[in-house]
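An overview of the molecular structure
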Amino acid sequence: MVKLKGRNAIVTGAAVGLGSSYAKALAQEGVNVAVCDLREEIHEVAESLRVLGVNAVSYQGDVSDPDHVRTVVDGAREEFGSIDILVNNAGVWGASVADDDLDKSIEDYEQIVGTNLKGEYLFGRAVIPIMIEQGKGGEIVNIATDHMVTCGTPYFCCPNLETCPWGDSPRPTGGGDAMDLYDAGKWGLNGLLYGWAKALAPHSIRVNAFCMGATDSHMLRGFHNFEPSDEEVASWMRAEDNARAMIDMLQEGPFGRNAQNVNFCMGRPVQLEAAHDHVYVVPEQVRVGETS
Ligand SMILES: NC(=O)c1ccc[n+]([C@@H]2O[C@H](COP(=O)([O-])OP(=O)(O)OC[C@H]3O[C@@H](n4cnc5c(N)ncnc54)[C@H](O)[C@@H]3O)[C@@H](O)[C@H]2O)c1
């Protein structure tokens, strides 16, 4: 198990929800954290991290804005001296359907794909050259959705877990009725996952994704008009449990899993499962330390 204390991380979209839990869990492990978000409350998050005894800096802005990305990444590097971990978490959902009119569709695209795909792409592009130059490996975790990999969609991404509540048959989720853009952006993350993992394995930089099912957050409560029933809330996963699973994955270190969509779906324990076999990449291509 690798110790995380003293490392330096960036967590995007960390004002509320999963992002704030990831930032807190990292700080509890002694990791210095740069947090960013559209919301002003991001500065309070940094204050609460400093109380935990680590260095923390905060930036308010939009992950789809390259100037903001540059400010966060350069600022974090200047403050901490290096960047070892990137958690690409910022995400947004908005209803979009196939017959939306063009004006709405363009706005939706900028916001939804802009945040969920372009934001992660830009942060990766800004951080990766720094990690390579540092020459000491690194960790990138992209936060995706279970719409893209739940229980065999696409096939074999989800391991056949004993704890799976859905039995033998795959549970085809493939997204909701008003989610074409949300899902397009999140599916696009597969391109970044596999492309980056292959390119960065020789540099000991791991790239993995968390594919989230329903987890209590501002976003999920918003789906329920901020008045979810107790029964609904009880069925959701907890962000702090998922953050613990992320710490467990980061502690695997450079020889741990790579290029994996790690699936978290409702109804089974929120914990890091064993790595699964690769289907979409040749294993040697993403084995850390080997050139592809
Ligand atoms: N909670 C779930 O059930 C669930 C399920 C599947 C996937 N996810 C994914 O998990 C991630 C976190 O979601 P959450 O549920 O915690 O959501 P949330 O809405 O509670 O938190 C998301 C945070 O991202 C910030 N943000 C949104 N757009 C941004 C932008 N353009 N630039 C900077 N910050 C921005 C928001 O202000 C917010 O603080 C997202 O990528 C989301 O798509 C969540």
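Here the structure is a predicted model, which means the values were calculated and not measured. (Residues numbered from 1 in each chain as written. Predicted model: local features only at pLDDT ≥ 70, side-chain atom pairs only at ≥ 80, totals over all residues. Heavy atoms only, no water.)

**Looking at the sheet that holds strand E6 (residues 205-212)**
- Taking strand neighbours across the sheet as the criterion, the seven strands line up as E3-E2-E1-E4-E5-E6-E7 in an open arrangement whose pairing is parallel. Of all the strands in the sheet, the pair left with one neighbour each is strand E3 (56-60) and strand E7 (261-264). Pairs of neighbouring strands in the sheet enclose a mean axial angle of 15°, with direction left out of account.
- As judged from the five bridges shared by strand E1 (residues 8-12) and strand E2 (residues 32-37), these two strands associate in the parallel manner. Looking at E2, one finds that Thr 12 is bridged to Cys 36.
- Contacts between helix H2 (residues 42-51) and the sheet are confined to E2 and E3, with E3 contributing the most and set at about 175° to the helix. (Pairing = 2+ DSSP bridges. Helix = DSSP H or I, 4+ residues; strand = E, 2+ residues; numbered from the N terminus. Axes fitted to C-alpha atoms, helices over the stretch in contact; angles between N-to-C directions. Contact = heavy atoms within 4.5 Å.)

**Quick look at the site of the ligand**
- In the neighbourhood of the ligand, 27 residues make up the surrounding shell, with Leu 18, Asp 37, Asn 89, Tyr 182 and Ser 217 lying closest.
- Between the ligand and the protein, one listed contact pairs an oxygen atom with a side-chain N or O atom of Arg 39 at 3.1 Å.
- Within the contact set of the ligand, a nitrogen atom lies 3.0 Å away from a backbone nitrogen or oxygen of Val 63.
- Out of a free accessible area of 820 Å², the ligand has 94% covered by protein chains.
- At the level of elements, helix H1 (17-28), strand E5 (138-145), helix H5 (180-200) and helix H6 (218-223) are the ones that each hand at least two residues to the shell around the ligand.
- With three residues, E5 is the single largest residue contributor to the shell around the ligand.
- Across the shell around the ligand, the residue classes break down as twelve nonpolar, eleven polar and four charged. (Near = heavy atom within 4 Å. Polar contact = N/O pair within 3.5 Å; in protein donor to acceptor, adjacent residues only side chain to side chain. Areas by Shrake-Rupley, 256 points an atom, 1.4 Å probe, with all protein chains shown as cover. Nonpolar A, V, L, I, M, F, W, Y, C, P; charged D, E, K, R; others polar.)

**Side note on the pairing of E6**
- Most of E6 is tucked away, with eight of its eight residues classed as buried.
- Across eight bridges, the pairing between E5 and E6 is parallel. Each residue of the ladder has a partner; that of Ala 144, found in E6, is Cys 211.
- When E6 meets E7, the two strands line up parallel, connected through four bridges. Within E7, the residue paired with Phe 210 across the bridge is Val 262. (Buried < 20%, exposed > 50% of the residue type's maximum accessible area, 1.4 Å probe, protein only.)

**A word on helix H4 (residues 102-134)**
- Given a rise of 1.5 Å per residue, 33 residues ought to cover 48 Å, and the 45 Å separating the end C-alpha atoms of H4 matches this to within 8%.
- Most pronounced at Gly 114, the bend in H4 amounts to some 55°.
- Two or three places before Asp 103, at the start of H4, stands the capping residue Asp 101, its side-chain oxygen 2.8 Å from that residue's backbone nitrogen.
- Directly beyond the C-terminal end of H4, a positive phi value near 70° is found at Gly 135. (Expected span 1.5 Å × (residues − 1). Bend = angle between axes of the 7 residues up to and from the residue.)

**Considerations on the environment of Ile 85**
- For Ile 85, the location among the structural elements is in strand E4 (residues 85-88).
- Linking Ile 85 and Gly 138, residues 53 residues apart in sequence, is a C-alpha distance of 5.8 Å.
- Sequence-distant contacts of Ile 85, that is, excluding residues within four places in its chain, are made with Arg 7, Asn 8, Ala 9, Ile 10, Leu 26, Val 31, Met 131, Glu 139 and Leu 250.

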